[in-house]
Amino acid sequence: MKKKGRTKKVKKKGSGRLKQFFHDERLKLAVGIFFVLLALYLLVALISYLFTWKTDQSFEYSGILSDPNIPVENWAGKTGAYIGNLLINKWFGIASFFIPVLFVLIGLRTLGIRALSYGRIILKSLIGMVLISITLGFLAGPQTTFLGSGPGGGHGYMINLWLSSILGKVGTGFLLLFLDFSFILFSFKPVLSWFKKKINKNDIDPDRLTQNENPPSSLDVDDMEVITPEKDDENSIAHLEANTPDPHLEFKTKTIGRDENKEKETEIELSIEEKKKEETINGKHIKPNFQENYDPKLDLSEYQAPSVQLLKDHYSNNSNVSKEELLNNKNKIVETLRHYKIEINKIKATIGPTITLYEIIPAPGVRIAKIKNLEDDIALSLSALGIRIIAPMPGKGTIGIEVPNQNPDVVSMKTMVSSRRFQDAHMELPIALGKTISNETYVFDLTKMPHLLVAGATGQGKSVGLNIIISSLLYKKHPAELKFIFIDPKKVELTLYSKIERHFLAKLPDTEDSIITDTQKVINTLHSLTIEMDSRYDLLKKAHVRNIKEYNDKFINRRLNPENGHKYLPYIVLVIDEFADLIMTAGREIETPLARIAQIARAIGIHLVIATQRPTTNIITGVIKANFPARISFRVTSMIDSRTILDSPGANQLIGRGDLLMSSGSDLIRIQCAFIDTPEIEQITEFIGSQRGYPSAFLLPEYSSDETTISGETEPQQKDASFDEAARLVVLHQQGSTSLIQRKLSIGYNRAGRIIDQLEAVGIVGPFEGSK
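Residues numbered from 1 in each chain as written. Predicted model: local features only at pLDDT ≥ 70, side-chain atom pairs only at ≥ 80, totals over all residues. Heavy atoms only, no water.

Trainee: Give a description of the overall build of the protein that names residues and reports values.
Mentor: A tally of regular secondary structure across the protein gives 24 helices and 21 strands. With 772 residues in all, the protein has 48% of them scored as buried. For the protein, the share of sequence-separated contacts (at least 6 apart) that also reach a separation of at least 24 residues comes to 68%. Accessible surface, the protein as shown: approximately 40,100 Å² in total, 54% of it carbon and sulfur. (Helix = DSSP H or I, 4+ residues; strand = E, 2+ residues; numbered from the N terminus. Buried < 20%, exposed > 50% of the residue type's maximum accessible area, 1.4 Å probe, protein only. Contact = heavy atoms within 4.5 Å. Areas by Shrake-Rupley, 256 points an atom, 1.4 Å probe, with all protein chains shown as cover.)

Trainee: How would you explain the nonpolar core if you had to name every residue and give the values?
Mentor: Ranked by size, the top nonpolar core spans 107 residues in total, and within it Leu433, Leu452, Phe484 and Met662 carry the most contacts. Counting residues per element, this core draws most heavily on helix 15 (residues 519-543), at eight residues. With residues up to four places along the chain from it excluded, the contact list for Leu433 reads Tyr442, Phe444, Ile468, Ile469, Ile632, Leu660, Met662, Ile671, Gln672, Cys673 and Ala674. Residues Leu326, Ala349, Ile351 and Ile387 belong to the second largest nonpolar core, which totals 26 residues. (Core = buried A, V, L, I, M, F, W, Y, C linked by side-chain atoms within 4.5 Å.)

Trainee: Tell me what's going on with the pattern of salt bridges, and back it up with residues and numbers.
Mentor: Under the counting rule described, the total for this entry stands at 22 salt bridges. Lys507 is the partner of Glu501 in a salt bridge, and the nearest nitrogen-oxygen pair spans 2.9 Å. The residues Glu501 and Lys507 share a single accessibility class, namely buried. A single network of salt bridges, built from pairs that share partners, joins Arg388, Glu402, Asp659 and Arg670. (Salt bridge = Lys/Arg side-chain N within 4 Å of Asp/Glu carboxyl O.)

Trainee: Please provide a residue-by-residue account of the sheet that holds strand 12 (residues 452-455), values included.
Mentor: In spatial order, the strands read 11-10-20-19-18-12-17-16-13-15; together these 10 strands make up an open sheet with mixed pairing. Lying at the two open borders of the sheet, with one neighbouring strand each, are strand 11 (441-445) and strand 15 (515-516). With five bridges connecting them, strand 16 (residues 571-576) and strand 17 (residues 606-612) associate as parallel partners. When the sheet's bridge partners are listed, Val573 is paired in strand 17 with His607. Sitting on the sheet, helix 13 (residues 462-476) is in contact with strand 10 (430-436), strand 12, strand 13 (482-487), strand 16, strand 17 and strand 20 (667-673), with an inclination near 130° to strand 10. (Pairing = 2+ DSSP bridges. Axes fitted to C-alpha atoms, helices over the stretch in contact; angles between N-to-C directions.)

Trainee: Any chance you could break down the packing of helix 15 against helix 18 (residues 588-600) for me, citing the residues and the numbers?
Mentor: Between helix 15 and helix 18, whose axes approach to 9 Å, the crossing angle comes to 25°. Considering the angle they form, helix 15 stands roughly parallel to helix 18. For helix 15 against helix 18, the interelement crossing comes out left-handed. Mapping the contact onto sequence places Val522, Ile523, Leu526, His527, Leu529, Thr530, Met533, Asp534 and Tyr537 in helix 15 and Glu589, Ile590, Pro593, Leu594, Arg596, Ile597 and Ile600 in helix 18. In terms of residue class, the contact of helix 15 with helix 18 is made up of 11 nonpolar, two polar and three charged. (Parallel < 35°, antiparallel > 145°, perpendicular 65-115°, else oblique. Left-handed = near helix turned anticlockwise from the far one by under 90°. Nonpolar A, V, L, I, M, F, W, Y, C, P; charged D, E, K, R; others polar.)

Trainee: Talk me through the confidence of the model for the protein; I want residue IDs and the actual numbers.
Mentor: Parts of the prediction with low pLDDT should not have their coordinates interpreted in detail. The predicted model of the protein has a mean per-residue pLDDT of 78, with 77% of residues at 70 or higher. Every residue in residues 1-12 scores below 50 in pLDDT, and together they form zero contacts with partners more than four places removed in sequence or on other chains. Between residues 201-242, whose pLDDT stays under 50, and residues either more than four places distant or in other chains, the model counts 98 contacts. (pLDDT = per-residue confidence, 0-100.)

Trainee: I'd like a description of a nonpolar patch on the surface, backed by residues and values.
Mentor: Taken together, Leu29, Ile33, Leu37, Leu40, Leu43, Val44, Ile47, Leu50, Phe51, Trp75, Leu111 and Ile113 make up a surface patch of nonpolar side chains, about 1,100 Å² in accessible area. You can see Trp75 is positioned in the loop between helix 2 (25-56) and helix 3 (77-91). (Patch = residues over 30% accessible without salt bridge, like charges linked within 9 Å, V, L, I, M, F, W, Y side chains within 5 Å.)

Trainee: I'd like a description of unusual backbone geometry, backed by residues and values.
Mentor: With an omega of -5°, the peptide bond between Met449 and Pro450 qualifies as cis. With respect to the helices and strands, the residue Pro450 is situated in the loop between strand 11 and strand 12. A positive phi angle, close to 60°, is found at Asp510, a residue other than glycine. Mapped onto the elements, Asp510 comes out in the loop between strand 14 (506-507) and strand 15. The class for Asp510 is exposed, based on a relative accessible area of 82%. Notably, Gln734 is not glycine yet its phi reads approximately 60°, a positive angle.

Trainee: Residue-level account of the packing of aromatic side chains, with values.
Mentor: Counting across every chain of the model gives eight aromatic pairs. Between the aromatic rings of Phe51 and Trp75, the centroid separation amounts to 6.1 Å while the plane-to-plane angle is 20°, which identifies the pairing as stacked. Pair noted here: Phe51 is in helix 2 and Trp75 is in the loop between helix 2 and helix 3, with a separation of 24 residues, a long-range link. We classify Trp75 as exposed; its relative accessible area is 55%. Chaining the aromatic ring pairs together yields one cluster made of Phe34, Phe35 and Phe103. Taking NZ or CZ as reference, Lys476 lies 5.3 Å from the ring centre of Phe422, over its face. (Phe/Tyr/Trp six-rings, centres within 6.5 Å; stacked < 30°, edge-to-face > 60°. Lys NZ or Arg CZ within 6 Å of the ring centre and 35° of its normal.)

Trainee: Break down the pairing of strand 19 (residues 659-664) for me, citing the residues and quoting the values.
Mentor: Within strand 19, five of the six residues are buried, which leaves it mostly tucked inside the rest of the structure. Alignment of strand 18 (residues 630-633) against strand 19, held across four bridges, turns out to be antiparallel. In the sheet register, Ser633 faces strand 19, and the bridge partner there is Leu661. One ladder, built from six bridges, connects strand 19 with strand 20; its direction is antiparallel. Paired with Met662 across the two strands is Ile669, which belongs to strand 20. Hairpin geometry of strand 19 and strand 20 is characterised by an intervening segment of two residues between the two adjacent antiparallel strands and by a positive phi of about 75° at Gly665.

Trainee: Got a sec to walk through helix 22 (residues 723-733)? Specific residues and values, please.
Mentor: The set of residues buried in helix 22 consists of Phe723, Ala726, Ala727, Leu729 and Val730. One side of helix 22 holds all its buried residues, which, seen down the axis, span an arc of 160°. In helix 22, the exposed positions angled more than 90 degrees off the buried face are occupied by Arg728, Val731 and Leu732. Summarising the contacts, the buried residues of helix 22 are in contact with helix 23 (738-745) and helix 24 (749-761). (Arc of directions from axis to C-beta.)

Trainee: So what's going on with the packing of helix 22 against helix 24? Residues and values would help.
Mentor: Closest axis-to-axis distance for the helix 22/helix 24 pair is 10 Å, and the angle between their directions is 70°. In terms of axis orientation, helix 22 runs roughly perpendicular to helix 24. Facing Phe723, Ala726, Ala727 and Val730 of helix 22, the residues of helix 24 in contact are Ile755, Gln758 and Leu759. Looking at the contact of helix 22 with helix 24 residue by residue, the class counts come to six nonpolar, one polar and no charged.

Trainee: Talk me through helix 17 (residues 579-586); I want residue IDs and the actual numbers.
Mentor: Listed as buried for helix 17 are Phe579, Ala580, Leu582, Ile583 and Ala586. Burial along helix 17 is one-sided: seen end-on, the buried residues are contained in an arc of 160°. Once helix 17 ends, the next one or two residues include Gly587, with phi positive near 60°.

Trainee: Lay out the environment of Ile122 in plain terms, naming residues and giving numbers.
Mentor: Tracing the sequence through the fold places Ile122 in helix 5 (residues 118-140). Note on Ile122: relative accessible area 24%, which makes it partly exposed. Beyond its immediate stretch of four places on either side in the chain, Ile122 contacts Leu102, Leu105 and Ile106.

Trainee: Describe the pairing of strand 6 (residues 344-351), with residues and values.
Mentor: Pairing between strand 6 and strand 7 (residues 355-362): seven bridges, direction antiparallel. Across the sheet, residue Ala349 finds its bridge partner in strand 7, namely Tyr358. What sits between the antiparallel neighbours strand 6 and strand 7 is a turn of three residues.

What follows is the structure in structure tokens.
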């Protein structure tokens, strides 16, 4: 028994050493270098054989290695002469040069160089070597005066003899032509684009594209020739609907002949990018990003996200852009620029749901500012409102001219929710806002913003935009993951969401209405939210993490003990409509806690969405703007309002009805906001509210207001936090006033007035004498 055990142990040790030897990096290095050097040796032998093959074939190879008296001229010696004769004469002919390539690839792969797709290249090399050998053998036949068996080698010659006996010369030629073309087609993708270009070159009738009755004399559309470019633009959009231009068309015209005393003018080409139809997901219910085995979700494990069928398809008839409209706009733009002696080289049109972007490339020497100043002139020539010039376009060497479509399209919320881009969005708080100018669904993560400021004049789509943001989150998040706080001074915009109180809403304890409309309750809610923020930061500190995502991951993995106060933290999104009304009624009492939340609450999952119809500097102050890098502006009435909200003009040139500009850092994106109607919101909230929910809304921390009038028996805990400092200040100056305390303590007027009342109640100051 001991002997057997000892034998097994020795075998196991020997096999381990053998395995370790084959995994030794030094062995891999040696083998890799060997294959590379072998490939170079073969290459020298094959190249030399092309020049010395007649001499090296004048003797028998059977005894070449053993007989030292046999002379050879091959640069690689007798072995090289033997290998060259074997590979080129007997096997694959000139195609044998693929064999050194294969050995180089094997050597590089062994050395661990992974920059290439070795398997695919080796497979293509082997197939190419065989096909080239057979093709050369067919074309040349047995050429005894060149390389012995001919350029195709013995392999190519023998296979051609066999194929010719079966198919004949003609059949063999057709078969090889098909095989070679197929190999090139599958190996080199650009060949497919070139082949399609040649086939489709004359498929498009230029007369179909030139139905403009009275084009400008300098742009004769009858002289226009049409070419189809390669379809390799990743940003191109899918085919246009009926009545739209053919996809990826470039309009290019010939030089128009004039009298000798007149200038020769060249027509400007116009390339049109096609619309892209995004892939959608069909089904009754959208699958939200629910994670399995999520403890907080067990309470509502049967919760279902709203169905896509609750939404409607909103579309307008004749919303497609016609060829005539594109050509007319293009010709008028070029004509207007030429009136001011501005020449351009090319125009490309990108069709969006509401506007079409004409990208122009100016001729060398043209100043960009000169084109920018023609904004009103181009709008006049096109008889259109909302012309916007982007000079230059970020990241491109072009100048963009945005022209509204005659029949704008309506972007439905249904298309947003069912788009693949939204469904596959791996984001914490994904929002599908609308479609860009290239007709792509625009999805962003609210946690990356991290707060959002929305502005726009009355009736321009601001409230619909808020509903789109809220609906996007309702479709993607579970009630355990997200809570809303709705503040609605108008009392009518957000009341539809009261039905989902027990699922998605948060409120103060002992408060009946979950939609906050009273100004004092707004102040209390904001202060309560700051308490929630501080308590969450304490939890993150105890858990040794930096943000809410890391904290929740630890809690889900049971690495945090609930007995120590830890709990799952849902995201909280505070939505405020008509922010200007709150500032007018409460002022700094609203701005101060809001600014504090905006500054530091992003890491613990509290995000703000604030909307206002008055983007003035006294409403959107510097403190607010500094903490809201992401801003959305619908159409506003003046350029000053546009600069206030976006720090740049442009929002005053929008066309309304959901047309918006979104600023995120240095980027400014034009988007057509999706549309969702009130009945759709009612159906969504009814669907969610009809399901089993939590016993009550998510309760925020309690907060007691200090608005109580101070009497002579005021308790110390009812005094303001700055009461003692204000008392010392009054005694030091031997007089007290609201303005003095306000200036010295840097507090608001209302708070300073309350402190004066408290000082009077305890006898530090006397009754008012005017303002003192």
